[in-house]
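Residues per chain, in single letters:
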Amino acid sequence: MTDLSPPEHYPSTGHSADPVLAAGYPEHADAVRLYGPAIAEDPGTLYQQLRRQGSVVPVLLDGDLPAWFVLGYREVHHITANPQWFGRDCRRWNIYDRLPADWPLMPYVGWTPSVMYAEGGEHQRRAGAIGDALDAVNRIDLIATCEQVADRLIDAFAGDGRADLITQYAYQIPARIVARLYGLPDGDISALVQDVFDSLDVGDNAVTAHQRLHARMAQLVADRHARPGPDVPSVLLAHPARLSDDEIVIDLLVMMAAAQAPTSNWIGNTLRLMLVDDEFSVTLQGGRSSAAQALNEVLWKDTPTQNFIGRWAVQDCNLGGRRIRKGDLLVLGFSAANTDPNVQPGTHGDSSTNRAHMSFGHGEHGCPFPAPELAEIIARTAVEVLLDRLPDVTLAVAAKDLRWRPSLWMRGLFGLPVVFTPTLPLVPAAAGRRGA
Ligand code: HEM
């Protein structure tokens, strides 16, 4: 018999703290709080325990705000494949007017006129242009750019014999590459990358960093009007979708943010897997296929975007045996869906080549074609160049001492300290050895 009691060890409540909310969400009595210091320590066990309640489970987000957590692969697929029933415009949330301005999850639900919250034909216009602009990126040039960026970062610590591969490497890569795809001059990139970090952080600098980024993108769009180049903003400006400058500016910001956190954690989580897991470290010397396998394995087991907010019910409906009301929020449990035993009983099968995971979302609002392909080029090149440059790299601490950031949204490490035989930086003339 299915155990429908709330999972042990996880804090549940009598109800949402707000009596008005509690009255509107009767199924959320005893809902598990999906926040708090302990909850993100071991997400795998959390999902396992929540799954005992079903594939769609009532939860309370920060501040005890009610939502549905979708853990089933089939349900996540159904929601993402049917945008006409599960919308993306966060203003559909039936408690939208009750959200405190400083709600910690505001970055996921603060409406902006970007591609992210557009729906229907308007979304297709915006997402289609983004897809075309990204598809115009020459893949061979992208590999060369990734190699240059990776080599320069490694040069900065190659002589030290030790490094933190998260802060000094993985986190530094995606925003630098996207800045190059936007055609920004090299001299502007460090300051821009710092602003990307600060704007994605919760610190006091976040707002001013975002304003500087916005101003930088607006300037970039104005420059490309005057002098188009072989870059993403110029393709967007010339696109038949006839995007306005404001639309392009905001979508350039969305793409930069959407690339940075998941791709850097994908690189970091893959490097971790290759350093801690014998299966990969043995084949690591064997060459490039092992990096590709490790990258795919991570998308099944430690996917960067673990959970995602989300979709909102367009009308009352039944889902996973629950009654969902119009305007209810559905949190997409990508990580839980990837490990759903109904889809893959007991094992992932050969997860190193199977790509049916939910890690890039799905459907109209999924990570837009060809962003996953470009992200894979960036991540694979980053991993391969590192192993190529530092072939004897090993962990500087025991694997059990590596610490995951306590987040239910992004899965990534605080740090990945490694040691290796110190090497000389690449001299500029040799930087072309991979065809850069
Ligand atoms: C070059 C790097 C990347 C770019 C430019 C990019 C861009 C984007 C954009 C623009 C969206 C919003 C799409 C929309 O609302 O229509 C999106 C969504 C998303 N992306 Fe990416 N992305 C990148 C890398 C990644 C990576 C590495 C992952 C995870 C492994 C990822 C996972 C997702 C997910 C889960 C969504 C939401 C999907 C959904 O709602 O169904 N992205 N991405």
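Keep in mind it's a predicted model, so treat the numbers as computed, not measured.

### Overview of the site of the ligand
The immediate surroundings of the ligand are formed by 24 residues, with His123, Phe308, Arg311, His365 and Cys367 found nearest. Separating an oxygen atom of the ligand from a side-chain N or O atom of His123 is a distance of 2.6 Å. A distance of 2.9 Å is found between an oxygen atom of the ligand and a side-chain nitrogen or oxygen belonging to Arg311. Where the shell around the ligand is concerned, the elements lending two or more residues are helix H11 (245-276), strand S6 (308-313) and helix H15 (371-389). Among the elements that line the shell around the ligand, the one with the most residues is H11, at 6 residues. In the shell around the ligand, the residues fall into 15 nonpolar, 8 polar and 1 charged. Residue contributions to the shell around the ligand reach at least three from each of two domains, namely domain 1 (1-111 + 306-358) and domain 2 (114-286 + 359-436).

### What about the packing of H11 against H15?
Between H11 and H15, whose axes approach to 9 Å, the crossing angle comes to 40 degrees. As summarised for this structure, H11 and H15 are arranged oblique, according to the angle between their axes. When the axes of H11 and H15 are compared, the crossing they make is right-handed. Together, Thr263, Trp266, Ile267, Thr270, Leu271 and Met274 of H11 and Ala375, Glu376, Ile378, Ala379, Ala382, Val383, Leu386 and Leu387 of H15 make up the contact between the two elements. Residues of the contact of H11 with H15, tallied by class, amount to 11 nonpolar, 2 polar and 1 charged.

### Here we look at the packing of aromatic side chains
Inspection of every chain in the model, using the stated rule, returns 8 aromatic pairs. Taking the centre distance of 5.8 Å and the plane angle of 75 degrees together, the rings of Trp266 and Phe360 count as edge-to-face. You can see Trp266 sitting in helix H11 and its partner Phe360 sitting in the loop between helix H14 (334-338) and H15, a full 94 residues away along the chain. Plain terms: the ring middles of Phe308 and Phe334 are 6.2 Å apart, the flat faces sit at 25 degrees to each other, and that makes the pair stacked. Of this pair, Phe308 sits in strand S6 while Phe334 sits in helix H14, and the two are 26 residues apart along the sequence. Note on Phe308: relative accessible area 18%, which makes it buried. With relative accessibility at 5%, the residue Phe334 sits in the buried group. Connected via pairs of aromatic rings, a cluster forms that spans Trp93, Trp103 and Trp312. Cation over ring: Arg91 sits above Trp111, and NZ or CZ is 3.8 Å from the ring centre.

### As for the pairing of strand S3 (residues 65-70)
Among the 6 residues that make up S3, 6 are buried, leaving the element largely enclosed by the rest of the structure. Of the two faces of S3, the one lined by Leu65, Ala67 and Phe69 and the one lined by Pro66, Trp68 and Val70 are each fully buried. Sheet topology places strand S2 (residues 56-61) next to S3; 6 bridges connect them, and they run antiparallel. For Val59, the partnering residue across the bridge sits in S3 and is Ala67. Where S2 hands over to S3, the hairpin turn is made up of 3 residues, of which Gly63 adopts a positive phi near 75 degrees. Examined bridge by bridge, S3 and strand S9 (residues 329-332) share 3 bridges and lie parallel to one another. Note on S9: the bridge partner recorded for Phe69 is Val331.

### Comments concerning the sheet that holds S6
Sheet architecture is open: 6 strands sit in the order S1-S2-S3-S9-S6-S4, paired in mixed fashion. Looking along the sheet, the strands with just one partner apiece sit at the ends: strand S1 (32-33) and strand S4 (86-87). Inspection of the sheet shows S6 paired to S9 by 4 bridges, in the antiparallel sense. Across the sheet, residue Phe308 finds its bridge partner in S9, namely Leu332.

### So, the coordination of the iron atom of the ligand
Coordination of the iron atom of the ligand by the protein comes from a single atom, Cys367 (SG), at 2.4 Å. Considering the arrangement of structural elements, one finds Cys367 in the loop between H14 and H15.

### Brief notes about the pattern of salt bridges
Within this structure, the stated rule accounts for 26 salt bridges. Ionic pairing is found between Arg322 and Glu27, a salt bridge with its closest N-O pair at 3.1 Å. Here the residue Arg322 occupies a position in strand S8 (residues 322-324), and Glu27 occupies one in the loop between helix H1 (19-24) and S1, the gap between them amounting to 295 residues. Exposure remark for Arg322: the relative accessible area of 15% places this residue in the buried category. Between Arg212 and Asp195 there is a salt bridge; the shortest N-O distance is 2.7 Å. One end of the pair, Arg212, is in helix H9 (residues 206-226); the other, Asp195, is in helix H8 (residues 186-200), and 17 residues separate them in sequence. Taken together, the shared-partner salt bridges in this structure form one network comprising Glu122, Arg125, Arg126, Glu247 and Asp251.

What counts as what
Residues numbered from 1 in each chain as written. Predicted model: local features only at pLDDT ≥ 70, side-chain atom pairs only at ≥ 80, totals over all residues. Heavy atoms only, no water. Near = heavy atom within 4 Å. Polar contact = N/O pair within 3.5 Å; in protein donor to acceptor, adjacent residues only side chain to side chain. Helix = DSSP H or I, 4+ residues; strand = E, 2+ residues; numbered from the N terminus. Nonpolar A, V, L, I, M, F, W, Y, C, P; charged D, E, K, R; others polar. Domains from an automatic or database assignment. Axes fitted to C-alpha atoms, helices over the stretch in contact; angles between N-to-C directions. Parallel < 35°, antiparallel > 145°, perpendicular 65-115°, else oblique. Left-handed = near helix turned anticlockwise from the far one by under 90°. Contact = heavy atoms within 4.5 Å. Phe/Tyr/Trp six-rings, centres within 6.5 Å; stacked < 30°, edge-to-face > 60°. Buried < 20%, exposed > 50% of the residue type's maximum accessible area, 1.4 Å probe, protein only. Lys NZ or Arg CZ within 6 Å of the ring centre and 35° of its normal. Pairing = 2+ DSSP bridges. Donors = N, O, S within 2.8 Å, 3.2 Å for Na, K, Ca; no water. Salt bridge = Lys/Arg side-chain N within 4 Å of Asp/Glu carboxyl O.

Geometric values such as these leave the question of function open.
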